[in-house]
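Read off the chains here:
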Amino acid sequence: MKKYVVAVVGASGAVGEEIFKILQERDFPIKKLVPLASARSAGEEIEALGQRYKILETTHDIFEKEGVEIAFFSAGGSVSAEFAPSATKAGALVIDNTSHFRMNPDVPLVVPEVNPDDIIQWKKTGIIANPNCSTIQMVQVLYPLHKKFEIKRVDVSTYQAVSGAGKKGMEELVMQMQKFFAFELDECEPKAFAHRIALNLIPHIDVFMPNDYTKEEMKMLKETNKILHSDFALSATCVRVPVLRSHSEAITIHFSTEVEVIQAREILQKSPNIVVVDNPQESLYPMPALATDTDETYVGRIRSDLYDKKILHLWCVADQIRVGAATNAVKIAQKWTQIQG
């Protein structure tokens, strides 16, 4: 089996750290690992794949210098915009975890369980985009149902963990909860979020657009149809919640035909990467505590609308650092290596 020189840009971040774990768990064929980050983090040591590595600074010539063949980018859109072209120029495949390239018509946007055939389009630019974390778990659920019943519209409300904002988001929640138990919560000045996140919900993720939807909500709308090669209507409301890890979603799906819950449940049970946990009488349903540190998307609370048999409601949860970012990216790389032979 061919082995690859693999770089991780954003090696010191939450997603970068998770990519190292998943590369090891999945026994990815690595000849050499190249951890990259900003000048501020360069020189720090990290542990990955059972070894100690020194982080190198991300520069335009580092990819050619190190002979990088696959580069995972997870350091923010501006970093991808600046350095991804240098990586592809050096001959590397770029798998980008940011939103920068997602809607570029020449860049495939891939969830391997849904549209693996789109990977072949990487040749156009040398880049494959990883979708938004909330989009990934949703399309894994929508895809098998859309194939069978044809979706006409989707309405989704997300309950997104603070780790979606990176380490700073997790640290802020922990710090504020500590302040709460010390009766000092009023002293907390929000930095990672627009408001205090401890014991609170914030219906605001990313910036607001002129149409009063947030950028996060618009990402879900546009990305879903690109991945599914569809054009059905969507609406999203994205909410930050005081949970450390794993995003939850309440999804309402309108179909062109009537759908039986039993049939929908059977389809989802047979679908890749989905685990159905749906026995409310026994208090069994997906929760962040169940999904965290796993690679599956959990689905439950599957029920018919009380007024329209063409409408189905369900609840899904997934670890957004793994399913929604790192694991999806590594799965893309695995599929790509298979295509390369």
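Note that the coordinates shown come from a computational prediction; the quantities given were computed from them, not determined experimentally.

With that settled, the discussion passes to the packing of helix 1 (residues 14-25) against helix 9 (residues 322-340). One way to put it is that helix 1 packs onto helix 9 with a least axis distance of 9 Å and a crossing angle of 50 degrees. Relative to helix 9, the element helix 1 is oriented oblique. Helix 9 is crossed by helix 1, and the crossing has right-handed handedness. Contacts between helix 1 and helix 9 involve Val-15, Glu-18, Ile-19, Lys-21, Ile-22, Leu-23 and Glu-25 from the former and Arg-322, Ala-325, Ala-326, Thr-327 and Val-330 from the latter. Partitioned by chemical class, the residues of the contact of helix 1 with helix 9 number seven nonpolar, one polar and four charged.

Before going further, it helps to spend a moment on a nonpolar patch on the surface. Taken together, Phe-180, Phe-181 and Leu-199 make up a surface patch of nonpolar side chains, about 320 Å² in accessible area. Mapped onto the fold, Phe-180 is located in helix 5 (residues 167-181).

On to the pattern of salt bridges. Per the counting criterion, the structure on display carries 19 salt bridges. With a shortest N-O distance of 2.5 Å, Glu-25 and Arg-322 are connected by a salt bridge. Of this pair, Glu-25 sits in helix 1 while Arg-322 sits in helix 9, placing them 297 residues apart in sequence. Among the salt bridges present, the one from Arg-52 reaches Glu-45, with a minimum N-O distance of 3.5 Å. If you follow the salt bridges from partner to partner, you end up with Glu-18, Lys-21, Glu-25, Arg-245, Asp-293, Asp-295, Asp-319 and Arg-322 in one network.

For helix 6 (residues 215-228), built from 14 residues, the straight-helix expectation of 20 Å at 1.5 Å per residue is met to within 8% by its first-to-last C-alpha distance of 20 Å. The buried fraction of helix 6 is high, at eleven of 14 residues. Taken as a whole, helix 6 has its buried residues at Glu-216, Glu-217, Met-218, Lys-219, Met-220, Leu-221, Glu-223, Thr-224, Asn-225, Ile-227 and Leu-228. Where the residues of helix 6 are buried, they touch helix 4 (133-149), strand 9 (151-160), strand 10 (233-240) and strand 11 (247-255). One or two steps after helix 6, the chain reaches His-229, where phi turns positive at roughly 55 degrees.

Right, let's talk about the nonpolar core for a bit. By size, the foremost hydrophobic cluster in this structure holds 58 residues, and its most contacted members are Phe-63 and Leu-145. Here this core gets seven residues from one element, more than from any other, and that element is helix 4. Those residues in contact with Leu-145 that lie beyond four places of it in its chain are Glu-150, Ile-253, Phe-255, Ala-264, Ile-267, Leu-268 and Leu-314. Counting residues in each nonpolar core, the second largest holds 30 residues, with Tyr-4, Ile-22, Ile-70 and Leu-93 among its members.

With that out of the way, let us pick up the packing of aromatic side chains. In total, this model carries seven aromatic pairs according to the counting rule given. Here the aromatic rings of Tyr-4 and Phe-28 are separated by 6.4 Å at their centres, their planes lie at 45 degrees, and the arrangement is tilted. With Tyr-4 in strand 1 (residues 4-9) and Phe-28 in the loop between helix 1 and strand 2 (30-37), this pair connects stretches of sequence that are 24 residues apart. Pair check on accessibility: Tyr-4 and Phe-28 agree, each one buried. With 5.9 Å between their ring centres and 25 degrees between their planes, Phe-63 and Phe-73 make a pair best called stacked. With Phe-63 in helix 2 (residues 62-66) and Phe-73 in strand 6 (residues 70-73), the pair connects residues that are ten residues apart, well separated along the chain. Assessed through its relative accessible area of 0%, Phe-73 is described here as buried. Following the ring pairs from residue to residue traces out a cluster consisting of Tyr-4, Phe-28, Trp-122 and Trp-336. Sitting over the face of the ring of Tyr-4, Lys-2 holds its NZ or CZ atom 4.9 Å from the ring centroid.

Further remarks concern the sheet that holds strand 14 (residues 311-318). Across the sheet, which stays open at both edges, the six strands sit in the order 10-9-11-14-13-12 with mixed pairing between neighbours. Either end of the sheet is taken by a strand with one partner, and the two such strands are strand 10 and strand 12 (274-276). Pairs of neighbouring strands in the sheet enclose a mean axial angle of 20 degrees, with direction left out of account. As paired strands, strand 11 and strand 14 are joined by eight bridges and run antiparallel to one another. Opposite His-254, over in strand 14, you have Ile-311 as the bridge partner. Against the sheet, helix 4 contacts strand 9, strand 10, strand 11, strand 12, strand 13 (297-304) and strand 14, and its axis sits at roughly 25 degrees relative to strand 11.

In this fold, Thr-252 is placed in strand 11. Judged by relative accessible area, which is 18%, Thr-252 ranks as buried. If we ignore the near neighbours within four places in the chain, the residues touching Thr-252 are Arg-153, Val-154, Asp-155, Ile-311, Leu-312 and His-313.

The rules behind these values
Residues numbered from 1 in each chain as written. Predicted model: local features only at pLDDT ≥ 70, side-chain atom pairs only at ≥ 80, totals over all residues. Heavy atoms only, no water. Axes fitted to C-alpha atoms, helices over the stretch in contact; angles between N-to-C directions. Helix = DSSP H or I, 4+ residues; strand = E, 2+ residues; numbered from the N terminus. Parallel < 35°, antiparallel > 145°, perpendicular 65-115°, else oblique. Left-handed = near helix turned anticlockwise from the far one by under 90°. Contact = heavy atoms within 4.5 Å. Nonpolar A, V, L, I, M, F, W, Y, C, P; charged D, E, K, R; others polar. Patch = residues over 30% accessible without salt bridge, like charges linked within 9 Å, V, L, I, M, F, W, Y side chains within 5 Å. Areas by Shrake-Rupley, 256 points an atom, 1.4 Å probe, with all protein chains shown as cover. Salt bridge = Lys/Arg side-chain N within 4 Å of Asp/Glu carboxyl O. Expected span 1.5 Å × (residues − 1). Buried < 20%, exposed > 50% of the residue type's maximum accessible area, 1.4 Å probe, protein only. Core = buried A, V, L, I, M, F, W, Y, C linked by side-chain atoms within 4.5 Å. Phe/Tyr/Trp six-rings, centres within 6.5 Å; stacked < 30°, edge-to-face > 60°. Lys NZ or Arg CZ within 6 Å of the ring centre and 35° of its normal. Pairing = 2+ DSSP bridges.

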